[in-house]
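Coordinate inspection notes
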Amino acid sequence: MKQWLFKVMSVVMLLPWLSLPASAEELQELTFVLDYTPNTNHTGLYVAAEKGYFEEEGLAVNIMMPPEDGAPVLVASGSAQLGMDYQDSLASTYAQSTPLPVTNIAAVIQHNTSGIISPKNREIISPKDMEGKRYASWGSMVEQAIIKNVVQSDGGDPNKVEMVNNTQASITNLDQSDIDAIWVFYAWDGIAAQVKDIPVNYFPFIDYNDTFDYYTPTIIANNAFLKDNPEVVKAFLRAVKKGYEFAMEHPEEAAQILVEAHPELDQDIVTESQKYLADKYVADAPKWGYIDAERWDRFYTWLAEEGLIAQEIPKGYGFTNDYLPE
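What counts and how
- Residues numbered from 1 in each chain as written.
- Predicted model: local features only at pLDDT ≥ 70, side-chain atom pairs only at ≥ 80, totals over all residues.
- Heavy atoms only, no water.
- Helix = DSSP H or I, 4+ residues; strand = E, 2+ residues; numbered from the N terminus.
- Rg over C-alpha atoms; globule rule 2.2 N^0.38 Å.
- Contact = heavy atoms within 4.5 Å.
- Lys, Arg positive; Asp, Glu negative; His and termini not counted.
- Charge placed at Lys NZ, Arg CZ, Asp CG, Glu CD.
- Buried < 20%, exposed > 50% of the residue type's maximum accessible area, 1.4 Å probe, protein only.
- Axes fitted to C-alpha atoms, helices over the stretch in contact; angles between N-to-C directions.
- Parallel < 35°, antiparallel > 145°, perpendicular 65-115°, else oblique.
- Left-handed = near helix turned anticlockwise from the far one by under 90°.
- Nonpolar A, V, L, I, M, F, W, Y, C, P; charged D, E, K, R; others polar.
- 1 Å grid on protein atoms, 1.4 Å probe; cavity = no way out; pocket = protein on both sides within 12 Å on 5 of 7 lines; lining within 4 Å.
- Points joined across faces, edges and corners; volume = space filled by probe spheres on them.
- Domains from an automatic or database assignment.
- Salt bridge = Lys/Arg side-chain N within 4 Å of Asp/Glu carboxyl O.
- Pairing = 2+ DSSP bridges.
- Core = buried A, V, L, I, M, F, W, Y, C linked by side-chain atoms within 4.5 Å.
- UniProt positions renumbered as here; feature names shortened; annotations may be inferred.

Re the overall build of the protein chain
From N to C terminus, the protein chain includes 12 helices and 10 strands. A compact globule built from 326 residues should have a C-alpha radius of gyration of about 20 Å, and the protein chain, at 22 Å, falls within 12% of that. Taking contacts inside the protein chain between residues at least 6 apart in sequence as the whole, the part at least 24 apart equals 81%. Of the side-chain charges in the protein chain, 22 are positive and 48 negative, and the distance between the mean point of each set is 4 Å.

The following block contains the structure:
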């Protein structure tokens, strides 16, 4: 035993460049705030934590639930260095004289998977079929403008869609309610309908207007933290990239990691959602996390032209690919 220890110590002394895991005292502590309750958008984070990818990069990352006013406010204040949000909801915070000091540093999923879902017996096959139907809205001007745009682009009259303020409607209770349609992210609610064998119709917004292929969700960072700690941010994204790549290659195992972290989640929905997303985290992008400037700017230009934000957002503002690993 003593002989073995001597040999190991000799190797370490002879190879000073040898990389050893950082001790808990040496780890850089970071706080990451989620955008919503845990789901498969977040799996890469949980995999990175469980597999030790953060620790390998010298990081200790605390993943926390979002406050009522959302992740951006917490990140902007510096209470959390990093978080998750959406390009559409951040628009109003950028379109002002003093923009919220957060920057989008990675796209979690390459293409917008959101759209309209409805019980099959309501016969809403495409946007124009929403005429005369009751849509559960959460009251956002941008949300309602998107609905009106796709209905009109499909040859329907958007003024005939009844917008009902209702944040309680879900795919599991629609069939028993007077609400006909809701906005969902297919990767979660659409998959839940499949798993629960709920007959539905669904159409994605991007099938009717590619302007709506904006980035949702994204990873955001505090601007001052980005400026002062670029290598820490790069290390964080290296670990997270490995987490999402693991989820792509091993969706069932990644799903299990998420469920073990949050046992309240439905195992079957998580597993099927993870399988669905496996080829969507990167899709046709050159690498995980990449944000295409043309797509980014196209959506913000549309918001300005429609009068949905207070002022025009400069092209290229609010995101960067500079911290992404190769």
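As for helix α2 (residues 43-50)
The element α2 is largely enclosed, with a buried count of six among its eight residues. For α2, every residue scored as buried is listed here: T43, G44, L45, Y46, V47 and A48. Trailing α2 by a residue or two, G52 shows a phi angle of about 80 degrees, which is positive.

Digging into the packing of helix α10 (residues 251-261) against helix α11 (residues 267-277)
With their axes 8 Å apart at the nearest point, α10 and α11 run at an angle of 140 degrees to one another. Relative to α11, the element α10 lies oblique. Once α10 is placed against α11, the crossing between them reads as right-handed. Contacts between α10 and α11 involve P251, E252, A254, A255, Q256, L258 and V259 from the first element and Q267, V270, T271, Q274 and K275 from the second. Tallied by class, residues from the contact of α10 with α11 come to six nonpolar, four polar and two charged.

A short note on the side chain of R295
With respect to the helices and strands, R295 occurs in helix α12 (residues 293-305). Owing to a relative accessible area of 10%, R295 belongs among the buried residues under this scheme. Not counting residues up to four positions away in its chain, the partners in contact with R295 are Q110, H111, D213, Y214 and Y215.

Focus on the layout of surface pockets
Empty space left among the atoms is revealed by rolling a probe the size of a water molecule over them. Taken as a whole, the largest pocket spans an internal volume of roughly 1,400 Å³. Contributing to the lining of the largest pocket are 44 residues, with Y36, W138, W183, F185 and D189 lying nearest its centre. For the lining of the largest pocket, the secondary-structure elements that each account for two or more residues are α5 (87-94), α6 (141-153), β8 (182-185) and α7 (186-195). Across the lining of the largest pocket, the residue classes break down as 23 nonpolar, 14 polar and seven charged. Taken together, domain 1 (28-110 + 215-306) and domain 2 (114-212) each give at least three residues to the lining of the largest pocket, which thus spans both.

What about the packing of helix α9 (residues 230-249) against α10?
In helix packing, the relevant descriptors are the interaxial angle and the interaxial distance, both defined with respect to the helix axes. Where α9 meets α10, the closest approach of the two axes is 5 Å, and the angle between their N-to-C directions is 125 degrees. Comparing their axes, α10 and α9 come out oblique. Residues F246, A247, M248 and E249 of α9 touch α10, and the partners they reach there are P251, E253, A254 and I257. Among the residues making up the contact of α9 with α10, the classes are represented as six nonpolar, no polar and two charged.

Things to note about the pattern of salt bridges
Taken as a whole and judged by the stated rule, the model has 14 salt bridges. Across the pair K242 and E56 runs a salt bridge whose closest N-O atoms are separated by 3.1 Å. Here E56 lies in helix α3 (residues 53-56) and K242 lies in helix α9, a separation of 186 residues in the sequence. With relative accessibility at 54%, the residue E56 sits in the exposed group. Close ionic contact of E57 with R238 constitutes a salt bridge, the shortest N to O distance being 2.9 Å. Note that E57 is positioned in the loop between α3 and β2 (59-64) and R238 in helix α9, a separation of 181 residues in sequence.

Thoughts on the pairing of strand β1 (residues 28-33)
In the case of a regular strand, side chains alternate between the two sheet surfaces. Of the strand pairs in this sheet, β1 and β2 are connected by six bridges, and their pairing is parallel. By the bridge assignment for β2, F32 is matched with I63. Examined bridge by bridge, β1 and strand β3 (residues 82-85) share two bridges and lie parallel to one another. Looking across to β3, one finds that V33 is bridged to G83.

Some thoughts on the nonpolar core
In this structure, L45, I219, F236, L237 and W288 are the most contacted members of the largest nonpolar core, which totals 47 residues. In terms of residues, this core owes the most to one element, α9, which gives 10 residues. Setting aside chain neighbours within four positions, we find W288 in contact with A106, A107, V108, I219, L237, V240, K241, Y244, M248, Y281, V282 and L324. Of all hydrophobic cores here, the second largest spans 41 residues; its members include L74, A91, Y94 and W183.

As for the UniProt feature "domain: SsuA/THI5-like" (unreviewed entry) in the protein chain
UniProt marks residues 39-254 with the feature "domain: SsuA/THI5-like" (unreviewed entry), using the numbering shown here. Counted over residues 39-254, helix gives 37% and strand 20%. Its end C-alpha atoms are 12 Å apart.

Things to note about the sheet that holds strand β9 (residues 200-204)
Strand order in the open sheet formed by three strands is β8-β5-β9, and the pairing between neighbours is antiparallel. Either end of the sheet is taken by a strand with one partner, and the two such strands are β8 and β9. Across the sheet, the mean angle separating the axes of adjacent strands is 35 degrees when strand polarity is ignored. One ladder, built from five bridges, connects strand β5 (residues 114-119) with β9; its direction is antiparallel. Bridge pairing links G115 to P204 in β9. Against the sheet, α7 engages β5, β8 and β9, with an angle of about 105 degrees to β8.

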